[in-house]
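Analysis of the macromolecular model
One-letter residues, chain by chain:
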Amino acid sequence: MTRWQPLPAALPGEARHLVEHLRVLKGRTGLSLAELARRTAYSKSSWQRYLSGDRLPPRDAAQMLCRLGGGDRTRLLALWELAEQAWPQGAAEPPAEAAPEPPTGQRRWRIAALAASALAALLAAGLLWALPRRAGDRSAARPGSALSRAGRSTRSARTRCP
């Protein structure tokens with residue numbers, strides 16, 4: 001079990017309740033901060049800031065931890081709302097979308113799968129673009145060959161007659 005540092009004395013009571021609740025949820029998960037980071041869209045250092053009371057966690061981060069820890073979502077959201085109002089200004093962290101973390105684990109596989117899908121789509125488009133040209137070339141050659149056969153038959157008929 002993680003031994004937490006005492007929360008900052010300047011942290012308002014509402015924020016203190018939220019952080020303590022998040023610490024309990026994190027303890028229920030049995031995950032380290034690194035494992036928690038791998039399962040969520042937030043880095044290990046972000047979780048450290050949230051659970052030490054340095055930063056208000058984004059609402060999504062708190063909900064993810066609640067889900068992983070099997071907590072009561074309604075209670076957590078009520079605590080989060082109260083903490084957001086009381087949290088010192090400028091201490092809130094931007095949402096994960098604003099500051100994306102480098103890809104790790106499953107995200108790398110997703111990126112690789114998307115890249116492979118895009119490459120396959122480009123190859124398929126290239127083939128579809130090239131096939132009508134080939135088919136057009138063949139259809140253009142067929143009438144020409146039919147004319148040449150017809151020409152040969154008339155020539156051969158002329159040479160046999162005299």
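About the cut-offs
- Residues numbered from 1 in each chain as written.
- Predicted model: local features only at pLDDT ≥ 70, side-chain atom pairs only at ≥ 80, totals over all residues.
- Heavy atoms only, no water.
- Helix = DSSP H or I, 4+ residues; strand = E, 2+ residues; numbered from the N terminus.
- Buried < 20%, exposed > 50% of the residue type's maximum accessible area, 1.4 Å probe, protein only.
- Contact = heavy atoms within 4.5 Å.
- Areas by Shrake-Rupley, 256 points an atom, 1.4 Å probe, with all protein chains shown as cover.
- Axes fitted to C-alpha atoms, helices over the stretch in contact; angles between N-to-C directions.
- Parallel < 35°, antiparallel > 145°, perpendicular 65-115°, else oblique.
- Left-handed = near helix turned anticlockwise from the far one by under 90°.
- Nonpolar A, V, L, I, M, F, W, Y, C, P; charged D, E, K, R; others polar.
- Expected span 1.5 Å × (residues − 1).
- Core = buried A, V, L, I, M, F, W, Y, C linked by side-chain atoms within 4.5 Å.

1. Quick look at the overall build of the chain
- Helix and strand counts for the chain stand at six helices and zero strands.
- Among the 162 residues that make up the chain, the fraction classed as buried is 27%.
- For the chain, restricting intrachain contacts to residue pairs at least 6 apart in sequence, the fraction spanning at least 24 positions comes to 62%.
- Taken as a whole, the chain presents about 11,300 Å² of accessible surface, with 58% of it coming from carbon and sulfur.

2. A closer look at helix H4 (residues 59–69)
- The complete set of buried residues in H4 reads Ala61, Ala62, Gln63, Leu65, Cys66 and Gly69.
- Buried-residue contacts for H4 involve helix H1 (13–29), helix H2 (33–39), helix H3 (44–52) and helix H5 (73–86).

3. Quick notes on the packing of H1 against H4
- Closest axis-to-axis distance for the H1/H4 pair is 8 Å, and the angle between their directions is 45 degrees. Taken together, H1 and H4 sit at an angle that is classed as oblique. Crossing angle aside, the handedness with which H1 passes H4 is left-handed. In this structure, H1 contributes Leu22, Leu25, Lys26, Arg28 and Thr29 to the contact, and H4 contributes Ala62, Leu65, Cys66, Leu68 and Gly69.
- Residues belonging to the contact of H1 with H4 are distributed by class as follows: six nonpolar, two polar and two charged.

4. With respect to H1
- Between its terminal C-alpha atoms H1 stretches 25 Å, which fits the 24 Å expected from 17 residues at 1.5 Å a residue.
- Those residues of H1 lying buried are Ala15, Leu18, Val19, His21, Leu22, Arg23, Leu25, Lys26 and Thr29.
- Buried residues belonging to H1 abut H2, H3, H4 and H5.

5. Some remarks on the nonpolar core
- Counting residues in each nonpolar core, the largest one holds 24 residues, and the members touching the most others are Leu18, Leu22, Trp47, Leu65, Leu76 and Trp87.
- Elements supplying a minimum of two residues to this core: H1, H2, H3, H4 and H5.
- For Leu65, the contacting residues outside a window of four places in its chain are Leu22, Leu25, Lys26, Thr29, Leu36, Trp47 and Leu51.

6. What about the environment of Leu18?
- Tracing the backbone through its elements, the reader meets Leu18 in helix H1.
- Leu18 sits in the buried class, given a relative accessible area of 0%.
- Between the C-alpha atom of Leu18 and that of Ala83, which follows or precedes it by 65 residues, the distance is 6.5 Å.
- Leaving out residues up to four positions away in the same chain, Leu18 has contacts with Leu56, Pro57, Leu76, Leu79, Trp80 and Ala83.

7. Let's talk about the side chain of Gln63
- Tracing the backbone shows Gln63 in helix H4.
- Relative accessible area serves as the criterion here: at 16%, Gln63 is assigned to the buried category.
- When near neighbours in sequence (up to four residues on either side) are disregarded, Gln63 contacts Arg73, Leu76 and Leu77.

8. Notes on the side chain of Thr40
- You can see Thr40 is positioned in the loop between H2 and H3.
- Take Thr40: its relative accessible area is 5%, and that puts it in the buried class.
- Ignoring any residue separated from it by four or fewer positions in sequence, one finds Thr40 in contact with Trp47, Met64, Leu68 and Arg107.

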